[in-house]
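# Structure assessment
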Amino acid sequence: MTDREKSTSFGQAAAAYESGRPGYPAEAVAWLLEPARERGRALRVADVGAGTGKLTRTIVESGADVVAVDPDADMLATLRENVRGVPTFAGTAERLPLPDAALDAVLMGQAWHWVDVGPASREVARVLRSGGVLGLIWNIRDDSVDWVRRFTAAMGGSNAEALLASTGPRVADPFGGLEHEEWRWERRLTRDQLSDLVVSRSDVITADPATRARVDAAIEEVVASLPDLADGGSVALPYVTHAFRARRP
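Residues numbered from 1 in each chain as written. Predicted model: local features only at pLDDT ≥ 70, side-chain atom pairs only at ≥ 80, totals over all residues. Heavy atoms only, no water.

On to the overall build of the chain. From N to C terminus, the chain includes 11 helices and seven strands. What you see for the chain is a C-alpha radius of gyration of 18 Å, in line with the 18 Å of a compact globule of 249 residues. In terms of principal-axis extent, the alpha carbons of the chain reach across some 55 × 35 × 35 Å. In the chain, buried positions account for 54% of the 249 residues. A separation threshold of at least 6 residues defines the contact pool for the chain, and within that pool the share at least 24 residues apart is 78%. Roughly 11000 Å² of accessible area belongs to the chain as shown, and the carbon and sulfur atoms make up 49% of that amount. The average position of the 29 basic charges and that of the 36 acidic charges among the side chains of the chain differ by 4 Å. (Helix = DSSP H or I, 4+ residues; strand = E, 2+ residues; numbered from the N terminus. Rg over C-alpha atoms; globule rule 2.2 N^0.38 Å. Buried < 20%, exposed > 50% of the residue type's maximum accessible area, 1.4 Å probe, protein only. Contact = heavy atoms within 4.5 Å. Areas by Shrake-Rupley, 256 points an atom, 1.4 Å probe, with all protein chains shown as cover. Lys, Arg positive; Asp, Glu negative; His and termini not counted. Charge placed at Lys NZ, Arg CZ, Asp CG, Glu CD.)

Okay, here's the thing in structure tokens:
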């Protein structure tokens, strides 16, 4: 299965995605939007690859006027249930259903690693005003913790994790270099939420039955080793949030 097909598979597990995936630290989103706030007015922002609205709701809470764009109708339907009043549009970073120079910022959470960088950079630049911000953000599990490292090994790594462990994201003209900041934090998850986190991953969604059975068995072994999950308890899953920003000339 191609990366493009995997990138549009998430709607099959929209409920698990909403339950298992983390939101984004308000501080990180504020940092992404900081250059655009120099304009001194309410911001107009698009969350592209918005999924179920994990990033959308944090942008809304920042006081910005937000539109959400995603290629998957099922993900957008879940977003509308969870983030009321946000206009939603079907589209991708390479084909945005938005007018020229209409936005102060375009943010993408857990999504830029799926795009065709050249066309996406040009299309984002088209919808941004001069001085507008392209903001890219990822939540990555902190594998320096033993059980988290075993959990990642059980379900397999991701394209995003591989990207950030190597060269990091890149953008193309007209954007220049990317600024980078990171935040460390934890999210508490129950056994069911950990299961939903696994189920929400594209490699698991698209796996054949034999592969899925191997993943499920490996995950169960890790989960069984965590006493805090017994009797309906929860465990702290540590994350490192990586944020990158660039300004449109």
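Having put the structure on the table, let's press on.
Turning next to helix α7 (residues 146-155). The complete set of buried residues in α7 reads Trp147, Val148, Phe151, Thr152, Ala154 and Met155. For α7, the arc enclosing every buried residue in end-on projection is 160°, short of the 170-degree limit, so these residues lie on one face. Residues of α7 that are buried sit in contact with β5 (128-141), α8 (159-165), α9 (191-199), α11 (209-224) and β7 (234-247). (Arc of directions from axis to C-beta.)

A separate point is the environment of Asp146. Among the structural elements, Asp146 can be located in helix α7. Distance in space between the C-alpha atoms of Asp146 and Arg212 is 23 Å, their sequence separation being 66 residues.

Our focus in this paragraph is the nonpolar core. By size, the foremost hydrophobic cluster in this structure holds 32 residues, and its most contacted members are Val106, Met108, Trp112 and Trp138. Broken down by secondary-structure element, the contributors of at least two residues to this core are β1 (44-48), β2 (65-70), β4 (103-109), α6 (117-127), β5, α8 and β7. In this structure, Trp138 is in contact with Gln110, Ala111, Trp112, His113, Ala160, Leu163, Leu164, Pro169, Val240, Thr241, His242 and Phe244, ignoring residues within four places of it in sequence. Of all hydrophobic cores here, the second largest spans 24 residues; its members include Tyr24, Val29, Ala68 and Ile137. (Core = buried A, V, L, I, M, F, W, Y, C linked by side-chain atoms within 4.5 Å.)

As a further point, take the packing of aromatic side chains. We describe a pair of aromatic rings using the distance from one ring centre to the other and the angle between the two ring planes. Counted by the stated rule, this structure contains four aromatic pairs. Aromatic pair Trp147 and Phe151: ring centres 5.9 Å apart, planes at 65°, arrangement edge-to-face. One end of the pair, Trp147, and the other, Phe151, are both in helix α7, four residues apart, so they sit about a helical turn from each other. The burial state of Trp147 is the same as that of Phe151; both residues are buried. With centroids separated by 5.3 Å and ring planes inclined at 20°, the aromatic side chains of Trp185 and Tyr239 adopt a geometry described as stacked. Of this pair, Trp185 sits in strand β6 (residues 179-190) while Tyr239 sits in strand β7, and the two are 54 residues apart along the sequence. (Phe/Tyr/Trp six-rings, centres within 6.5 Å; stacked < 30°, edge-to-face > 60°.)

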